[in-house]
Number of protein chains: 2
Amino acid sequence: MQYSIREATSEDCKDIARMIMELASYEKMSDQVKITQEVLETDGFSNHPFFKCLIAEVPEEHKSKEGHSKVGYALYFYTYSTWKGRAVYMEDLYVMPEYRGKGLGCALMRRVAQIARQNQCARLQFTVLDWNKPSLDFYARQGAQDLTASEGWHILRFEGVALDTLAQGAPSS
Amino acid sequence: MQYSIREATSEDCKDIARMIMELASYEKMSDQVKITQEVLETDGFSNHPFFKCLIAEVPEEHKSKEGHSKVGYALYFYTYSTWKGRAVYMEDLYVMPEYRGKGLGCALMRRVAQIARQNQCARLQFTVLDWNKPSLDFYARQGAQDLTASEGWHILRFEGVALDTLAQGAPSS
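Parameters at a glance
- Residues numbered from 1 in each chain as written.
- Chains lettered and ligands numbered in written order.
- Predicted model: local features only at pLDDT ≥ 70, side-chain atom pairs only at ≥ 80, totals over all residues.
- Heavy atoms only, no water.
- Contact = heavy atoms within 4.5 Å.
- Buried area = accessible area lost by both parts, 1.4 Å probe.
- Salt bridge = Lys/Arg side-chain N within 4 Å of Asp/Glu carboxyl O.
- Polar contact = N/O pair within 3.5 Å; in protein donor to acceptor, adjacent residues only side chain to side chain.
- Pairing = 2+ DSSP bridges.
- Helix = DSSP H or I, 4+ residues; strand = E, 2+ residues; numbered from the N terminus.
- Phe/Tyr/Trp six-rings, centres within 6.5 Å; stacked < 30°, edge-to-face > 60°.
- Buried < 20%, exposed > 50% of the residue type's maximum accessible area, 1.4 Å probe, protein only.
- 1 Å grid on protein atoms, 1.4 Å probe; cavity = no way out; pocket = protein on both sides within 12 Å on 5 of 7 lines; lining within 4 Å.
- Points joined across faces, edges and corners; volume = space filled by probe spheres on them.
- Core = buried A, V, L, I, M, F, W, Y, C linked by side-chain atoms within 4.5 Å.
- Axes fitted to C-alpha atoms, helices over the stretch in contact; angles between N-to-C directions.
- Parallel < 35°, antiparallel > 145°, perpendicular 65-115°, else oblique.
- Left-handed = near helix turned anticlockwise from the far one by under 90°.

**Digging into the interface of chain A and chain B**
Often, the extent of an interface is quoted as the loss of accessible area on bringing the components together. Facing 77 residues of chain A, the contacting portion of chain B comprises 77 residues. It is Tyr80(A), Trp83(A) and Arg157(A) that lose the most area in chain A upon contact with chain B, and together they represent 12% of the buried surface on that side. Linking chain A with chain B are eight salt bridges. Ionic pairing is found between Asp164(B) and Arg117(A), a salt bridge with its closest N-O pair at 2.5 Å. Applying the counting criterion to the chain A and chain B interface returns 38 residue pairs in polar contact (both at pLDDT 80 or more).

Written out as structure tokens, the structure is:
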């Protein structure tokens with residue numbers, strides 16, 4: 001199938017927000033999604049963008065049943081390893097179900113890898129749920145290491161009240 | 001003990017590089033460290049900084065056996081959640097052994113949490129090794145969630161040859 005991969009613009013935020021929700025539903029966590037089109041426009045496309053995004057688009061004649069021609073996305077940002085230097089973190093990689101198995105997911109991920117290399121990044125990282133065997137197997141076949149399985153890294157998080165409490169402790173100095 | 005927490009400048013990179021190596025040695029992974037003072041200066045203190053850093057400093061009269069007055073650091077950067085928006089990732093939090101138990105680690109982490117809140121970040125995330133029980137317990141007491149334990153998130157990574165192979169695949173469109 002014919003398709004193109006291109007950088008997202010603020011005009012894509014409606015479709016990015018739609019697909020973020022579709023992906024969260026697949027991950028059975030759609031109740032956690034608080035993001036909106038407007039927040040994406042502000043956070044991704046102002047002077048200080050917090051993320052970058054690629055869009056997979058199909059021609060009009062291949063648009064989806066619901067009329068969508070933007071059918072996949074990869075959202076990423078730059079991070080930093082104090083051991084290896086610059087890195088890219090891929091927050092989301094998504095292709096709508098009816099467009100899977102046609103190479104769009106690989107093409108999106110490959111483009112992110114190319115951008116990483118062009119920017120002297122030593123690593124491309126992302127996270128996958130342990131029950132999502134199809135994805136874990138897919139990435140392993142491509143040569144990805146599972147750092148949690150091999151080295152024992154756990155992801156920890158403060159949010160909500162816990163983050164407020166941490167921030168509001170006694171003055172530090 | 002008297003100490004101060006302040007933003008790092010490029011003049012701190014020699015000490016940051018030293019403490020990065022000390023932390024990696026504690027994590028039994030110092031062979032993986034490729035970073036240098038010069039790379040930190042370029043990546044952290046040019047027009048497009050890839051990270052931010054806080055330094056914990058003690059007065060001259062409390063300097064370490066080896067003569068160091070910069071005795072701890074927290075290195076962090078902004079990331080993005082497609083569910084919750086802006087976030088901070090704390091890559092490293094370190095205090096030299098002879099200065100532990102005096103509140104410097106808590107003060108560094110609290111300052112990172114304050115910066116997160118000031119910048120409308122919903123989350124503060126970081127990773128910990130599963131065998132590092134003292135740290136896991138410390139963070140749990142402060143209210144951190146272990147996302148790997150509770151939801152099953154695994155960290156995956158492409159680097160080196162695997163990243164090159166991914167980037168060099170057949171043209172995508």
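What follows picks up the thread again.
**Brief notes about the sheet that holds strand E2 (residues 52–57) of chain B**
Where strands meet in a sheet, backbone hydrogen bonds hold them as pairs that are either parallel or antiparallel. Taken in spatial order, the seven strands make up an open sheet running E1(B)-E2(B)-E3(B)-E4(B)-E5(B)-E7(A)-E6(B), and their pairing is mixed. Looking along the sheet, the strands with just one partner apiece sit at the ends: strand E1 (4–7) and strand E6 (145–146) of chain B. Of the strand pairs in this sheet, E2(B) and strand E3 (residues 70–81) of chain B are connected by six bridges, and their pairing is antiparallel. Bridge pairing in E3(B) links Ala56(B) to Gly72(B).

**Describing the packing of aromatic side chains**
Residue and element names in this part refer to chain A. Counted by the stated rule, this structure contains 20 aromatic pairs over all chains. With a centroid separation of 4.4 Å and an interplanar angle of 55°, the aromatic rings of Phe-126 and Tyr-139 are classed as tilted. Taken as a pair, Phe-126 in strand E5 (residues 123–129) and Tyr-139 in helix H4 (residues 133–141) lie far apart in primary sequence, 13 residues in all. For the pair shown, Phe-126 and Tyr-139 are each scored as buried.

**A closer look at the layout of surface pockets**
In this structure, the second largest pocket encloses a volume near 740 Å³. Lining of the second largest pocket is provided by 19 residues; of these, His48(A), Pro49(A), His48(B), Pro49(B) and Phe50(B) occupy positions nearest its centre. Listing elements by their share of the lining of the second largest pocket, those giving two or more residues are strand E3 (70–81) of chain A together with E3 of chain B. Counting residues per element, the lining of the second largest pocket draws most heavily on E3(A), at three residues.

**What about the nonpolar core?**
Grouped together as the largest cluster of nonpolar side chains are 124 residues, with contacts concentrated most on Tyr73(A), Tyr139(A), Phe158(A), Tyr73(B), Tyr139(B) and Phe158(B). Ignoring anything within four residues of it in the chain, the contact list for Phe158(A) reads Leu163(A), Leu166(A), Met109(B), Ala122(B), Arg123(B), Leu124(B), Phe126(B), Tyr139(B), Gln142(B), Gly143(B) and Ala144(B).

**Re the packing of helix H6 (residues 160–167) of chain A against helix H3 (residues 104–118) of chain B**
Contact geometry for H6(A) and H3(B): axes closest at 7 Å, N-to-C directions at 120°. When the interaxial angle is binned, H6(A) and H3(B) end up oblique. Of the two possible hands of crossing, H6(A) and H3(B) adopt the one that is left-handed. The residues of H3(B) that touch H6(A), namely those facing Gly160(A), Leu163(A), Asp164(A), Leu166(A) and Ala167(A), are Met109(B), Arg110(B), Ala113(B), Gln114(B) and Arg117(B).

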